[in-house]
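# Structure at a glance
The chain contents come next:
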Amino acid sequence: MGTVPFFIEMKIGIIGLPLSGKSTVFNALTGLNAEVKEFSSGGKTKPNLGAVKIPDEKLQKLADIFKPKKITPATIDFVDMVGISKDAKAEEIDLTPIKDTDALVCVIRFFKNDKVPHPYGDIDGVRDLRVINTELILLDLNVVETRIERIQKELQRGKKENQKELDMLKKCQEHLSKEKPLRELKFDSEQNAMLRGFQLLSKKPMLALANIDEGHIKTGEPDRFAHTAEGLGISHIAFCGKVEAEIARLDDEELKSSFMQDLGITETARGKFIKANSSLLDLITFYTVKGEESKAWLIERGSTTYVAAGKIHSDIQRGFIKAELVNFKELTACDFDMNKVKSEGKLKLEGKDYIVEDGDIIYFRFSV
Ligand SMILES: Nc1nc2c(ncn2[C@@H]2O[C@H](COP(=O)(O)OP(=O)(O)OP(=O)(O)O)[C@@H](O)[C@H]2O)c(=O)[nH]1
Ligand SMILES: [Mg+2]
């Protein structure tokens, strides 16, 4: 029986055309068993939800030293959406489940399967990636224009306080009208705060996932696809969803590795994804070890101790006093001996503005 997390650390939305293999990929990443069908279920089904624990050798080592009752790896939550097709209408598809995601994974079909129809009749991943990219832009344009109209009406009635927002939305509108995604634009922190509520999809970092055919595992995705993704500013990875979903279901590690070896797969879909996602979002890991739980946390590189505190609990952030910390490298150099860490002066006491480093083990002093 697992405990229910009280908040979501990181949420990734799986999107793509109908029948591109989204649920299959969801199964490959989570090891779960969401239903996959040879016909599209359309907008009527609920999205699938699942989480992946990130394997972490450092966390394991920390648990060996601090012997907590509970070891909690960082997790990534996935939401597997229904298909988005060309000319999708914002009011026809419920985008709510992906609105609060940190990033999107766009599954692009490259597998051949005569039993599974493609919405456009043939397999063309380059076209499909462009279609989805454009759809996200059009959905955003709709949101932005609706808001612009509203602010303009308010202006006519003499309400002027949203002028800044209007200027920014016009900048978005201009960019989106050229069929360009918002992820290309730079916004300052005030603008980002204003935009957050709209949860614009083309602003989210995106990873294109070529769902390649069983016969193409060794060759990977076509170059043409990689080039297109790069041209659109989209990171890309490739694996065969169907085969990877089978691998993810295998419990027997030996069987798993021999199966993978036979197929020429050097890294699981999950492993590939975790790496790609960390580099896409520029994530680092910090650890907390005091008390009964040793836990790994994901955070954006460049974040301060203050932001890190807020990841754990708003009380810890609000009542922040100091952060006591040592990096995993220093701990290793001190033979994993905390007394040695202290006697050698490696335990640092930092304020709110310290930039957290990958592998920092932090104890937050706070008072509320
Ligand atoms: N041969 C092959 N078939 C696949 C692969 N990935 C998915 N399929 C098949 O394609 C069909 C659709 O897969 P799903 O994962 O349900 O696709 P989906 O994108 O979730 O579909 P909707 O949610 O209805 O839009 C199923 O019959 C899958 O078995 C693959 O890599 N190879
Ligand atoms: Mg599905």
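What you see is a predicted model; the values in this text were computed from it and never measured.

Our next topic: the overall build of the protein. Looking only at helices and strands, one finds 14 helices and 12 strands in the protein. Its C-alpha radius of gyration of 23 Å places the protein within 12% of the 21 Å reference for a compact globule of 368 residues. A principal-axis box enclosing the C-alpha atoms of the protein has dimensions of 70 × 65 × 40 Å. For the protein, buried positions account for 47% of its 368 residues. Within the protein, contacts between residues separated by at least 24 positions form 69% of all contacts whose residues are at least 6 apart in sequence. Between the centroid of the 56 positive side chains of the protein and the centroid of its 59 negative side chains there is a distance of 4 Å.

Let's shift gears to the site of ligand 1. In the neighbourhood of ligand 1, 23 residues make up the surrounding shell, with G21, K22, S23, T24 and E214 lying closest. Between ligand 1 and S20, the relevant distance is 3.2 Å, taken from an oxygen atom to a main-chain nitrogen or oxygen of the residue. The backbone of K242 places a nitrogen or oxygen atom 3.3 Å from an oxygen atom of ligand 1. Where the shell around ligand 1 is concerned, the elements lending two or more residues are helix 1 (22-30) and helix 8 (241-249). Of the residues forming the shell around ligand 1, the biggest block, 3 residues, is contributed by helix 1. Tallied by class, residues from the shell around ligand 1 come to 7 nonpolar, 10 polar and 6 charged.

This paragraph deals with the sheet that holds strand 1 (residues 11-16). Spatially, the 6 strands line up as an open sheet ordered 2-4-1-5-6-7, and their pairing is mixed. Two strands in the sheet have a free side with no partner beyond their single neighbour: strand 2 (48-53) and strand 7 (235-239). Across this sheet, the average inter-strand angle for adjacent strands is 25°, counted without regard to direction. When strand 2 meets strand 4 (residues 75-80), the two strands line up antiparallel, connected through 6 bridges.

A full pass over the atoms with the stated rule returns 6 aromatic pairs. If you follow K295 out to its NZ or CZ, it ends over the ring of W297, 4.3 Å from the centre.

Relative orientation of the contacting elements helix 8 and helix 9 (residues 253-263) amounts to 160°, with a least axis distance of 9 Å. As far as their axial angle goes, helix 9 and helix 8 are roughly antiparallel. Between helix 8 and helix 9 the crossing geometry is right-handed. Taking contact as the criterion, the partners of V243, E246 and I247 in helix 8 are, on helix 9, K256, F259, M260 and L263. Looking at the contact of helix 8 with helix 9 residue by residue, the class counts come to 5 nonpolar, no polar and 2 charged.

The next thing to look at is helix 4 (residues 125-156). Over its 32 residues, helix 4 extends 46 Å from the first C-alpha to the last, a length consistent with the 46 Å expected when each residue adds 1.5 Å. The opening residue of helix 4, the one whose side-chain oxygen lies 3.3 Å from the backbone nitrogen of V126, is D124. One or two positions beyond helix 4, positive phi appears at G158, with a value near 95°.

On to the domain arrangement of the protein, then. Looking at the protein, the domain boundaries give domain 1 (1-55 + 75-281) and domain 2 (302-366). In this structure, domain 1 and domain 2 have C-alpha centres spaced 34 Å apart.

Grouped together as the largest cluster of nonpolar side chains are 39 residues, with contacts concentrated most on I12, I76, F78, F239, F273 and I361. Residues lining this core come from more than one domain, with at least three contributed by each of domain 1 (1-55 + 75-281) and domain 2 (302-366). Once you skip the residues sitting within four places of it in the chain, I361 turns out to touch L62, Y287, V289, E324, L325, V326, N327, F328 and L331.

For the rest of this paragraph, the subject is the packing of helix 1 against helix 10 (residues 269-281). In the contact formed by helix 1 and helix 10, the axes pass within 7 Å of each other and the chain directions differ by 90°. Comparing the axis directions of helix 1 and helix 10 gives the class roughly perpendicular. Together, A28, L29 and T30 of helix 1 and A269, R270 and F273 of helix 10 make up the contact between the two elements. A per-class count over the contact of helix 1 with helix 10 returns 4 nonpolar, 1 polar and 1 charged.

The next subject is the side chain of D128. Position of D128 relative to the elements: it lies in helix 4. Beyond its immediate chain neighbours, meaning those up to four positions away, D128 contacts L17, I108, H118 and Y120.

Turning our attention to the pattern of salt bridges. Inspection of every chain in the model, using the stated rule, returns 17 salt bridges. Taking the shortest distance from any N to any O, the salt bridge between R224 and D124 comes out at 3.4 Å. Residue R224 is located in helix 7 (residues 223-231), and its partner D124 is located in the loop between strand 5 (103-109) and helix 4; the two are separated by 100 residues in the primary sequence. On the accessibility criterion, D124 (21% relative accessible area) is partly exposed. Its salt-bridge partner being D335, residue K340 comes within 2.7 Å of it at the nearest N-O pair. K340 sits in the partly exposed class, given a relative accessible area of 26%. Here the salt bridges do not stand alone but share partners, grouping D122, R127 and D128 into one network.

Rules behind the numbers
Residues numbered from 1 in each chain as written. Chains lettered and ligands numbered in written order. Predicted model: local features only at pLDDT ≥ 70, side-chain atom pairs only at ≥ 80, totals over all residues. Heavy atoms only, no water. Helix = DSSP H or I, 4+ residues; strand = E, 2+ residues; numbered from the N terminus. Rg over C-alpha atoms; globule rule 2.2 N^0.38 Å. Buried < 20%, exposed > 50% of the residue type's maximum accessible area, 1.4 Å probe, protein only. Contact = heavy atoms within 4.5 Å. Lys, Arg positive; Asp, Glu negative; His and termini not counted. Charge placed at Lys NZ, Arg CZ, Asp CG, Glu CD. Near = heavy atom within 4 Å. Polar contact = N/O pair within 3.5 Å; in protein donor to acceptor, adjacent residues only side chain to side chain. Nonpolar A, V, L, I, M, F, W, Y, C, P; charged D, E, K, R; others polar. Pairing = 2+ DSSP bridges. Axes fitted to C-alpha atoms, helices over the stretch in contact; angles between N-to-C directions. Phe/Tyr/Trp six-rings, centres within 6.5 Å; stacked < 30°, edge-to-face > 60°. Lys NZ or Arg CZ within 6 Å of the ring centre and 35° of its normal. Parallel < 35°, antiparallel > 145°, perpendicular 65-115°, else oblique. Left-handed = near helix turned anticlockwise from the far one by under 90°. Expected span 1.5 Å × (residues − 1). Domains from an automatic or database assignment. Core = buried A, V, L, I, M, F, W, Y, C linked by side-chain atoms within 4.5 Å. Salt bridge = Lys/Arg side-chain N within 4 Å of Asp/Glu carboxyl O.

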